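Reading the structure
Single-letter residue listing:
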Amino acid sequence: MVVVGAGIAGVACATELVRAGVPVEVRERGRVTGGRMASKRFDGRPADLGAAYFTVDDPDFAAVVADWQAAGLVREWTDTLVAYGPRGREEVTGPVRWAAPRGLRSLVEHLAADLPVTHDRLVMTVEPGPRVDGRAAEAVVLAMPGPQAALLLDPTFAEATRAVAAQRWASTLSAVLHFPSRRWPDFRGAFVNDHPVLSLVCDDGDRRGDGAPVLVAHTTAEFAAGHLLQPTAARPAVEQAVRDLLGLPEPATSTHVHRWTYARPVRVAEGGTYHLDSDGIGLAGDAFGRPRVQSAWRSGRDLGRALADRLRAG
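Residues numbered from 1 in each chain as written. Predicted model: local features only at pLDDT ≥ 70, side-chain atom pairs only at ≥ 80, totals over all residues. Heavy atoms only, no water.

Across the interface, helix α2 (residues 59-70) lies against helix α9 (residues 293-313) with an axial gap of 10 Å and an inter-helix angle of 105 degrees. Considering their axes alone, α2 and α9 lie roughly perpendicular with respect to each other. Residues Asp-60, Phe-61 and Val-64 of α2 form the contact with α9, whose participating residues are Val-293, Gln-294, Trp-297 and Arg-301. Looking at the contact of α2 with α9 residue by residue, the class counts come to four nonpolar, one polar and two charged. (Axes fitted to C-alpha atoms, helices over the stretch in contact; angles between N-to-C directions. Helix = DSSP H or I, 4+ residues; strand = E, 2+ residues; numbered from the N terminus. Parallel < 35°, antiparallel > 145°, perpendicular 65-115°, else oblique. Contact = heavy atoms within 4.5 Å. Nonpolar A, V, L, I, M, F, W, Y, C, P; charged D, E, K, R; others polar.)

If you want it as structure tokens, here you go:
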């Protein structure tokens, strides 16, 4: 069994297969585990570049979160954010948002600790058989955004090809901005509505719990679309937008911009938490539910169980 992609969906899927005694290989094209639960270190300190936080309302995922909490990997962050929009600044309450002091990537790494994950392993083709780059596999799981899966799939996989073609994804740029000091009002995180550049800004020092003068901003899909070829060129505009929004007098000491071509699904699959067809191709991720960390985990978990059941049935 081959799982392509070591984000939380792929790792959750592989975990279920290993529990069922199914031999599995996890192949990840990147240098690290985590997928869009991405964190990058700046002078030894992690900042989250992908998912901003996660929420919990599924009892099974709550059990996973309890394990993370017992290991000291997560903390309850806040149930109150602010929203900037036509009516100005207002508080918005909702579910508890959880954060990870060591970065959200650490949570996926924790789940994958005992899995056979190979990094820097770029899969080129998934062919009938199924075969992965010419090698036979009992089944293949593509735990990644649909447009990326489409590049690997042989077109004769009609069911899977239709499933990935039905997905629609939005892009974003995420920017990590380091400032000389904390000069912004207390806000934890802010949804930014009807803005030409920004969609979300998070106080990473508050989120991380260390009080560092670091903000992480996410752009709108429309702004990102114009900067996907040269994301670093967007740094001045993103920094100025953040400073204008929060009334910051000082420029950032550094700004790092990361491109997410497929940041979040905007059209999700209907009828289930995963795709598994008669050709032995499985698809998993947050496109099979609400675009949430929890949805991605559940998608991978459910697909892993379905594959194990199919193999046991012969």
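The next point concerns the packing of aromatic side chains. Inspection of every chain in the model, using the stated rule, returns seven aromatic pairs. Here the aromatic rings of Tyr-53 and Trp-77 are separated by 6.2 Å at their centres, their planes lie at 50 degrees, and the arrangement is tilted. Of the two residues, Tyr-53 sits in the loop between β4 (45-48) and α2 while Trp-77 sits in strand β5 (residues 75-85), which places them 24 residues apart along the sequence. We note that Tyr-53, like Trp-77, is buried. Ring pairing ties together the aromatic residues Phe-54, Phe-61, Trp-68, Trp-98 and Trp-297, which thus form one cluster. Over the ring of Phe-42 we find Lys-40; its NZ or CZ atom is 6.0 Å from the centre of that ring. (Phe/Tyr/Trp six-rings, centres within 6.5 Å; stacked < 30°, edge-to-face > 60°. Buried < 20%, exposed > 50% of the residue type's maximum accessible area, 1.4 Å probe, protein only. Lys NZ or Arg CZ within 6 Å of the ring centre and 35° of its normal.)

This next bit is on the pattern of salt bridges. One pass over the full model with this rule turns up 21 salt bridges. When the shortest N-O distance is used, the salt bridge between Arg-105 and Glu-109 registers 3.1 Å. Of this pair, Arg-105 and Glu-109 are both found in helix α3 (residues 105-111), four residues apart, which corresponds to roughly one turn of the helix. Since its relative accessible area comes to 22%, Arg-105 is described here as partly exposed. Overall, Glu-109 belongs to the partly exposed group, its relative accessible area being 34%. Between Asp-204 and Arg-207 there is a salt bridge, and its shortest N-O distance comes to 2.6 Å. Placement of the pair is Asp-204 and Arg-207 together in helix α6 (residues 204-208), with a separation of three residues, close to one helical turn. (Salt bridge = Lys/Arg side-chain N within 4 Å of Asp/Glu carboxyl O.)

Right, let's get into the side chain of Thr-273. As for its position among the elements, Thr-273 is in the loop between β16 (254-267) and β17 (275-276). Among the polar contacts listed, one links the side chain of Thr-273 to the side chain of Asp-302, at a separation of 2.8 Å. If we ignore the near neighbours within four places in the chain, the residues touching Thr-273 are Phe-288, Arg-298, Ser-299 and Asp-302. (Polar contact = N/O pair within 3.5 Å; in protein donor to acceptor, adjacent residues only side chain to side chain.)

This next bit is on the pairing of strand β14 (residues 198-203). Taken across its six residues, β14 has five buried, putting it largely inside the fold. Both strand β13 (residues 189-192) and β14 contribute to a ladder of three bridges, which runs antiparallel. Each residue of the ladder has a partner; that of Phe-191, found in β14, is Leu-200. Between β13 and β14, which pair antiparallel and follow one another directly, the connecting turn spans five residues, one of which, Asp-194, has a positive phi of 55 degrees. Summarising the sheet, β14 and strand β15 (residues 214-219) pair through five bridges and their orientation is antiparallel. Bridge assignment links Leu-200 to a residue of β15, and that residue is His-218. (Pairing = 2+ DSSP bridges.)

Another aspect to go through is the UniProt feature "domain: Amine oxidase" (unreviewed entry) in the protein chain. The positions that UniProt labels "domain: Amine oxidase" (unreviewed entry) are, in the present scheme, residues 76-274. Structurally, residues 76-274 comprises 22% helix and 37% strand, and the distance from its first C-alpha atom to its last is 29 Å. (UniProt positions renumbered as here; feature names shortened; annotations may be inferred.)

One open sheet holds the seven strands; their spatial order is β6-β5-β13-β14-β15-β12-β16, and the pairing between them is mixed. Whereas interior strands pair on both sides, the edge strands pair on one side only; in this sheet they are β6 (88-99) and β16. Taking the axes of each pair of neighbouring strands and ignoring which way they run, one obtains an average angle of 20 degrees across the sheet.

Relative to the elements of secondary structure, Arg-87 occurs in the loop between β5 and β6. A polar contact of 3.2 Å, which involves the side chain of Arg-87, links it to the side chain of Glu-90.

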